[in-house]
Amino acid sequence: MDYSDDAFHIFLHLDTVIYLAVYGTVSSLPVFIQNILNCVPKTNEAFTGEEYIKSLIGNPELVDRLALQPDDQNEITGSKLLFPEHLPLSRIQSGIKNGVLLQGTFHANRDNYLEGTVFINREGEDINEVLLQGLQNLNRAVHQDVVAVELFPKERWVAPSSVVLQDDSPNDEDAEEDETENKLNPKSYISEAVILKPTGRVVGIIKRNWRPYCGMLSQSMIKEATRHLFTPADRRIPRIRIETRQAANLAGQRIMVAIDGWPKNSRYPNGHFVKNLGTAGDKETETEVLLLEHDVPHLPFSPAVLSFLPKMPWSITEEDLKVRADLRHLGVCSVDPPGCTDIDDALHCRELENGNLEVGVHIADVSHFIRPGNALDQEAASRGTTVYLCGKRIDMVPELLSSNLCSLRSNVERLAFSCIWEMNHNAEIIKTHFTKSVINSKASLTYAEAQMRIDDTTMNDDITKSLRGLNRLAKILKGRRTEKGALTLSSPEVRFHMDSETHDPIDLQTKELKETNSMVEEFMLLANISVAQKIYDEFSECALLRKHPSPPPSNYDILIKAAKSRDLNIHIDSAKALADSLNNATVENFPYFNTLLRILATRCMMQAVYFCSGMDSDFHHYGLASPIYTHFITHQEVRCYAQRASVAFHTQLFFKNKGIINEEGFILFVRKNAIIILIPKFGIKGTVFFDNKDKPSPHLIFDSEGPTLKVEEHMFRMFDKVKVTISLDASNIQHQRIRMALIEPVIPGVSVPVPDTKN
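A quick note: this is a predicted structure, and the numbers were derived from the prediction, not measured.

Conventions adopted
- Residues numbered from 1 in each chain as written.
- Predicted model: local features only at pLDDT ≥ 70, side-chain atom pairs only at ≥ 80, totals over all residues.
- Heavy atoms only, no water.
- Helix = DSSP H or I, 4+ residues; strand = E, 2+ residues; numbered from the N terminus.
- Buried < 20%, exposed > 50% of the residue type's maximum accessible area, 1.4 Å probe, protein only.
- Contact = heavy atoms within 4.5 Å.
- Areas by Shrake-Rupley, 256 points an atom, 1.4 Å probe, with all protein chains shown as cover.
- Pairing = 2+ DSSP bridges.
- Axes fitted to C-alpha atoms, helices over the stretch in contact; angles between N-to-C directions.
- Salt bridge = Lys/Arg side-chain N within 4 Å of Asp/Glu carboxyl O.
- Phe/Tyr/Trp six-rings, centres within 6.5 Å; stacked < 30°, edge-to-face > 60°.
- Lys NZ or Arg CZ within 6 Å of the ring centre and 35° of its normal.
- Expected span 1.5 Å × (residues − 1).
- Polar contact = N/O pair within 3.5 Å; in protein donor to acceptor, adjacent residues only side chain to side chain.
- Core = buried A, V, L, I, M, F, W, Y, C linked by side-chain atoms within 4.5 Å.

Asks: Give a detailed account of the overall build of the protein, specifying residues and quantitative values.
Replies: If you tally the helices and strands in the protein, you get 21 helices and 31 strands. When the 759 residues of the protein are sorted by exposure, 48% land in the buried category. Counting only contacts in the protein whose residues sit at least 6 apart along the sequence, the fraction spanning at least 24 positions is 68%. Approximately 38,100 Å² of the protein is accessible, and the part contributed by carbon and sulfur atoms is 51%.

Asks: I'd like a rundown of the sheet that holds strand β24 (residues 661-670), residues and numbers included.
Replies: An order of β26-β25-β24-β30-β31 is seen for the five strands of this open sheet, with the pairing classed as antiparallel. Looking at the sheet topology across the chains shown, the edges are occupied by β26 (684-689) and β31 (737-744). Across the sheet, the mean angle separating the axes of adjacent strands is 45 degrees when strand polarity is ignored. Examined bridge by bridge, β24 and strand β30 (residues 721-729) share six bridges and lie antiparallel to one another. In the strand pairing of β30, E664 is matched with K723. This element, helix α20 (residues 593-602), spans β24 and β25 (674-679) of the sheet and lies at about 50 degrees to β24.

Asks: Describe the pattern of salt bridges, and please don't skip the residues or the numbers.
Replies: All chains considered together, the criterion is met by 32 salt bridges. Here E243 ties to R227 by a salt bridge, and the two come within 3.9 Å at their closest N and O atoms. In this pair, E243 sits in strand β8 (residues 240-243) while R227 sits in strand β7 (residues 227-232), placing the two residues 16 residues apart along the sequence. Of the charged contacts in the structure, one is a salt bridge between E413 and R328, with a shortest N-O distance of 2.9 Å. One end of the pair, E413, is in strand β17 (residues 413-423); the other, R328, is in the loop between β11 (325-326) and β12 (333-336), and 85 residues separate them in sequence. In this structure E413 comes out as partly exposed when scored by relative accessible area, which is 32%. For R328, a relative accessible area of 25% corresponds to the partly exposed category. Taken together, the salt bridges that share partners define one network made up of R211, D234, R236 and E293.

Asks: Any chance you could break down the packing of aromatic side chains for me, citing the residues and the numbers?
Replies: Following the criterion strictly, the structure yields 14 aromatic pairs and no others. Judged by centre distance (5.4 Å) and plane angle (90 degrees), the rings of F655 and F682 are edge-to-face. Separated by 27 residues along the polypeptide, F655 in helix α21 (residues 640-656) and F682 in the loop between β25 and β26 bring together distant segments of the chain. Each member of the pair, F655 as well as F682, carries the same accessibility label: buried. Aromatic ring contacts, followed pair by pair, group F590, Y592, F593, F666 and F719 into a single cluster. Looking at R156, its charged tip hangs above the ring of F152, at a distance of 3.7 Å from the centre. Of note, K547 hangs over the ring of F611, and the distance from its end group to the ring centre comes to 5.4 Å.

Asks: Go over the environment of G665, please, and point to the residues and values.
Replies: In this fold, G665 is placed in strand β24. Among all residues touching G665, those that are not within four sequence positions of it are I677, L678, I679, P680, D720, K721 and V722.

Asks: Explain the sheet that holds strand β3 (residues 129-133) residue by residue, including any values.
Replies: Within a beta sheet, neighbouring strands are joined by backbone hydrogen bonds and run either parallel or antiparallel to one another. Taken in spatial order, the five strands of this open sheet run β3-β2-β1-β4-β5, and their pairing is antiparallel. Looking at which strands have only one partner, the edges of the open sheet turn out to be β3 and β5 (200-207). For this sheet the average axis-to-axis angle between neighbouring strands, irrespective of direction, equals 40 degrees.

Asks: Which residues make up helix α16 (residues 462-484), and what values do they have?
Replies: Here α16 spans 33 Å end to end across 23 residues, near enough to the 33 Å set by a 1.5 Å rise per residue. N-cap assignment for α16: the residue whose side-chain oxygen lies 3.2 Å from the backbone N of I463 is D461. At the exit of α16 stands G485, carrying a positive phi of roughly 110 degrees.

Asks: Give me the nonpolar core: which residues, what numbers.
Replies: In terms of nonpolar packing, the biggest core is built from 59 residues, with L597, F655, F690 and F719 touching the most fellow members. With residues up to four places along the chain from it excluded, the contact list for F719 reads A562, R566, F590, F593, L596, L597, L600, F666, I667 and L668.

Asks: An account of α20 is requested, with residue identities and associated values reported.
Replies: Of all ten residues that make up α20, eight are buried, and the element is covered over most of its length. Taken together, the buried positions of α20 are F593, N594, L596, L597, R598, I599, L600 and A601. Looking at the buried residues of α20, the elements they touch are α18 (557-564), α19 (575-584), β24 and β25.

Asks: Give a description of the pairing of β25 that names residues and reports values.
Replies: Among the six residues in β25, six count as buried, and that is most of the element. Burial along β25 is two-sided: the face carrying A674, I676 and L678 and the face carrying I675, I677 and I679 are both buried. Pairing of β24 with β25, which is carried by four bridges, proceeds in the antiparallel orientation. Directly across from V670, in β25, lies its bridge partner I675. For β25 and β26, the ladder comprises six bridges, and the chain directions are antiparallel. Following the sheet pairing, I675 is matched in β26 by V688. Adjacent in sequence and paired antiparallel, β25 and β26 are bridged by four residues, among which G683 carries a positive phi angle near 65 degrees.

Rendered as structure tokens:
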């Protein structure tokens, strides 16, 4: 077959094709172009992709999208050697095999760009993590890279820095970091007893895990310059040097940049411009940024995916009823947050003729509508979960399923998968069975509505009786879990009230949890435990389970110190010992103390993980004190960081027009140069810095054993009550932040006067 005519036609219109490639979904522009050029007949003159793009005088911005080649990178960096040479892969592999080197994943410190930790991937190693300090020891590792590290001798081990670095680094791309040691351990601070950590340095990169990064361009101060620094939105990513001829047009814009390489003679990695995302600060732009940064698939569902949806109108058929339990007569109801449309679980409780109780948890049967391996299944697997942002939801499956056919709404028949127990009145399980079912929910309630029914003694309908039965059993179940050592932890959660027209937040409050929140949680946990046991009994070698490892003792250091500062002891021998310690940790006239301690305990925990039963023998879930656990719905690895980022952005929007607010808070952490404050009213954290480049710093004495920080003559310790001003600092449009300043206690030269406020 002769392709010459088609190839020549493509060649003639290559500028259009390139434009579509750049702004479309093609990931590698040079490769894409080269593949097209390979179609051009040998008799015609051919160009490399780079040569052709550079010849397009009318589209100079396309040159910015070319990846830098090694020769180009050497041209724009100096000759001075800034970093040690990386070892070749052969030496790395040999070193790991011989135990001379360790392999792990590098995690950069969000609060201190001069520090990071390598988490060792290999089980059985005596050392789980290695601390890195200083640019040379980080040696060009980027967050999430798989690296090889050399462990220093014990006499060179150090403690993690207690300094919080402010975002005041210079824009000069040639700035040297010769103040590394001073920034990590400033001489003006006195640090006493410290806990040393295994410390080392990166000697090689095993696998780069680079991705396109969102952020903003820091324009060079040199007029007509084409080399500029890009500052990523993620503080864990280093700034990136790029070449662009459109810096003026990109000022104030959110853009995407990709890293091309990081030469040993360059302070920063080199990269290239990828895409303009929109104006910084714009709500749609910022939402797009946080979705991209947290790898949340959010494009509209493709026609291929939508083609596998059921045709409407849809209804349950006689064939469905033949293979499912008909539970439409039961008093099933759902209890969810207000405004919930994707109702994926419901419950019921009724008394049986033998005097026992029947309790059911019913989960929407999404699998009925999704066949294994088709485009809809692949897309749902890729998304993994529904992601809830403030005022926006990114569905795992199309809306026809999520908010309609797979939503257990009231007064409509829906397909479900049910876990049903027979229990006695002491919540002891007598019998458990699982079945595909058909249900008809009798009520879709909010937590507040369900609570009101339970508390209203004049209401005695079937749904209310069911709720009361569920609530009574849930209290027994929770008490039993607590007796076994289940932990009740805490983390401040907030709820926004949105303007109906602008959808901007007009009020911010911490979430008030009711008994009904705990009621639903208890039965979801019980269902997950029952399902875990069932699938393990049936598939002992390949059951998908979830475990929560017990934290190493060192994780509890800060918790133990915080309690000790109030003459209390925390025992960590077991989850039960920890739970009892937390339950007994109270301070007279300080009711919020126990909540603060539980917030701190949450930060001591390890990450729960999924695993295959045939590949592990330790199934225990530490936090739940359960010998076995899983998720009833396996698509539940929630991208919680995207949700937190959305909360943070909307918190900034809330404070944007509030001016300065005065509020009481508590010290959550003490650092060498700062205190980190929790404001219970708003559920937010902020930092009060005591070193200020614009004025002389006060005399500071930090004691890590407390930990305490003496500022002039005042001693700060964890959980002390303070009064601060709260405002939005928008001076850095990319990293807008909640800024706090100390009002009380009054320290001359440090505290600020009480300002006039809008609240």
